[in-house]
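# Per-entry structural report
Spelled out from the first residue to the last, the chains are:
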Amino acid sequence: MAEPLASEHRWRRPVAVLVLALLTWLAAQTEPRPALHGPGLGVLLGLLGLLLGGAVLVVPQRRLPVPAEVALFVLVLGSSLTLVWLEPNGTGFFGGFLLAGTASGRMSARAGAVVTGLGVAALVGASLFGAPHAVVPTALSALGMLAFYRLGLYTRKLRERTEELEQTRAAQVRAAALAERQRLAREMHDVLAHSLSGLLLHLEGARLLSVHSGADPRLTDAVERAHQLAQSGLGEARQAIGALRGEDLPGPERLPVLAAEFERDTGIPCGLVVSGSAPELAAQTRLTLYRVAQEALTNVRKHAKADRVDLRLTYEPGGTLLTVEDLGRPGTAPGDHGYGVSGMRERAELLGGRLDAAPTGTGFRVSLWAPA
């Protein structure tokens, strides 16, 4: 998981900057000094490799790929060995400090121990067989590498505990949100769903009464349509309650049913054309496609005098395009008759998408673009 290194190893940057600055100053004061020939060239190359490898290991904002980190570890170790081999008062062990702290902080406990152990053995061996080194400074340098190794372990354990704490807090937040959603679902069920159920019973009674009393057929038809709308509203209320409870949300697969219900309720032909291969859409994208189509058809039902409605759903490589267009007579601006564009546009913006709604020469068109 890519995480900012600054949050993982807060101590590493200031320590690394201090170590690298001290390393540069010591290298300029130690014989052989960096030069463009002879042993000085080896010192210069070792110093440059150590500075470059150490800076890249410590400075990046995000975790590097494993092959890149391995290459940097090899560069730092090789540069450190060069400096220890050539300089009697070597600065190469500073690279070992960075190597031990970085390996133990980023790798598993076993891998960090192996890298640190190999680094200590290699640098001590170079100090014994290369330029003559005093025993006490060499031993202290090896102990310094082990100290940095322990510091890296402490940092890694602290990071793991912090991550566990953050995960626990996130789980608590999710549990609280779920409890609140369930409370809202219960309130909606007790108030809205029960009210709609009662309304359905009364409308059914009114329909039967109008049929048996020989009332005007237009009244019977109006009551029947109201009954169907109330039944549809009850279904939507149950879907909303299910969404709050974490149940499956409606998506594009329900557009054929939506179009068929619209045609049945209004008598206006409503066709759906789907093109392209359907990708795996996020839950919020699926819900937005369904809700925008639903709202657009509701607006057609309320405000338009349409002869036909066309729904087009196009799956493209970069996203999904939904178009709902009513055809019949020239449309008006959405603000004139409350086309509810603001709510649909807010849904689109939450996805990072775009919603266009405008009158046409033969009606009104709503287009939603939802990025992949």
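Report follows, based on the coordinates. (Residues numbered from 1 in each chain as written. Predicted model: local features only at pLDDT ≥ 70, side-chain atom pairs only at ≥ 80, totals over all residues. Heavy atoms only, no water.)

### A look at the sheet that holds strand β4 (residues 354-360)
The 5 strands lie next to each other as β1-β2-β3-β5-β4, forming an open sheet whose pairing is mixed. Of all strands in the sheet, those with a lone pairing partner are β1 (270-275) and β4, marking the two edges. Neighbouring strand axes in the sheet, compared pairwise and without regard to direction, differ in orientation by 10° on average. Across 9 bridges, strand β2 (residues 308-316) lies against strand β3 (residues 319-327) in antiparallel orientation. What sits directly across from D310, in β3, is E325. (Pairing = 2+ DSSP bridges. Helix = DSSP H or I, 4+ residues; strand = E, 2+ residues; numbered from the N terminus. Axes fitted to C-alpha atoms, helices over the stretch in contact; angles between N-to-C directions.)

### Considerations on the side chain of D265
Locating D265 in the fold gives a position in helix α9 (residues 255-266). The contacts of D265, once residues within four sequence positions are left out, are R225, Q228 and R301. (Contact = heavy atoms within 4.5 Å.)

### Focus on the nonpolar core
In summary, soluble globular proteins display a tendency toward joint burial of nonpolar side chains. Ranked by size, the top nonpolar core spans 30 residues in total, and within it L297, V309, L322, V324, L355 and V366 carry the most contacts. Among the elements that take part in this core, helix α10 (residues 283-303) stands out by supplying 7 residues, more than any other. Leaving out residues up to four positions away in the same chain, V366 has contacts with V292, A296, L322, T323, V324, M344, L355, D356 and A357. With 13 residues, the next largest nonpolar core counts A100, V120, F148 and L153 among its residues. (Core = buried A, V, L, I, M, F, W, Y, C linked by side-chain atoms within 4.5 Å. Buried < 20%, exposed > 50% of the residue type's maximum accessible area, 1.4 Å probe, protein only.)

### Brief notes about a nonpolar patch on the surface
Together, V136, L140, L143 and L146 give the surface a local cluster of nonpolar side chains, amounting to about 400 Å² of exposed area. Position of L146 among the secondary structure elements: in helix α7 (residues 135-212). (Patch = residues over 30% accessible without salt bridge, like charges linked within 9 Å, V, L, I, M, F, W, Y side chains within 5 Å. Areas by Shrake-Rupley, 256 points an atom, 1.4 Å probe, with all protein chains shown as cover. Salt bridge = Lys/Arg side-chain N within 4 Å of Asp/Glu carboxyl O.)

### Describing helix α5 (residues 92-106)
The terminal C-alpha atoms of α5 lie 22 Å apart, and with 15 residues this matches the ideal 21 Å at 1.5 Å per residue to within 8%. For α5, the tally of buried residues reaches 15 of 15 residues, placing the bulk of the element in the interior. (Expected span 1.5 Å × (residues − 1).)

### What about the pattern of salt bridges?
Applying the stated rule across the entire model yields 9 salt bridges. E325 is the salt-bridge partner of R312, the closest N and O atoms lying 3.4 Å from each other. With R312 in strand β2 and E325 in strand β3, this pair connects stretches of sequence that are 13 residues apart. Using a relative accessible area of 31% as the deciding quantity, one classes R312 as partly exposed. According to the relative accessible area criterion, E325 is buried, its value standing at 8%. The salt bridge partner of D356 is R354, with a shortest N-O separation of 3.3 Å. Members of the salt-bridge network, linked through shared partners, are R264, D265 and R301.

### Topic: the environment of R286
With respect to the element layout, R286 can be found in helix α10. Taking the relative accessible area as the measure of exposure, R286 reaches 25% and is therefore partly exposed. Remark: the alpha-carbon pair of R286 and G251, spanning 35 residues in sequence, is separated by 4.4 Å. The contact partners of R286, leaving out residues within four places of it in the chain, are L249, P250, G251, P252, E253 and L281.

### Points about the packing of helix α4 (residues 66-86) against α5
Between α4 and α5, whose axes approach to 8 Å, the crossing angle comes to 155°. Here α4 lies roughly antiparallel to α5, going by the angle between them. Our pair here, α4 against α5, has a crossing hand that is left-handed. Packed against α4, whose contacting residues are E69, F73, V76, L77, S80, L83 and V84, the element α5 presents G92, F93, G95, G96, L99, T102, A103 and R106 at the interface. Across the contact of α4 with α5, the residue classes tally to 8 nonpolar, 5 polar and 2 charged. (Parallel < 35°, antiparallel > 145°, perpendicular 65-115°, else oblique. Left-handed = near helix turned anticlockwise from the far one by under 90°. Nonpolar A, V, L, I, M, F, W, Y, C, P; charged D, E, K, R; others polar.)

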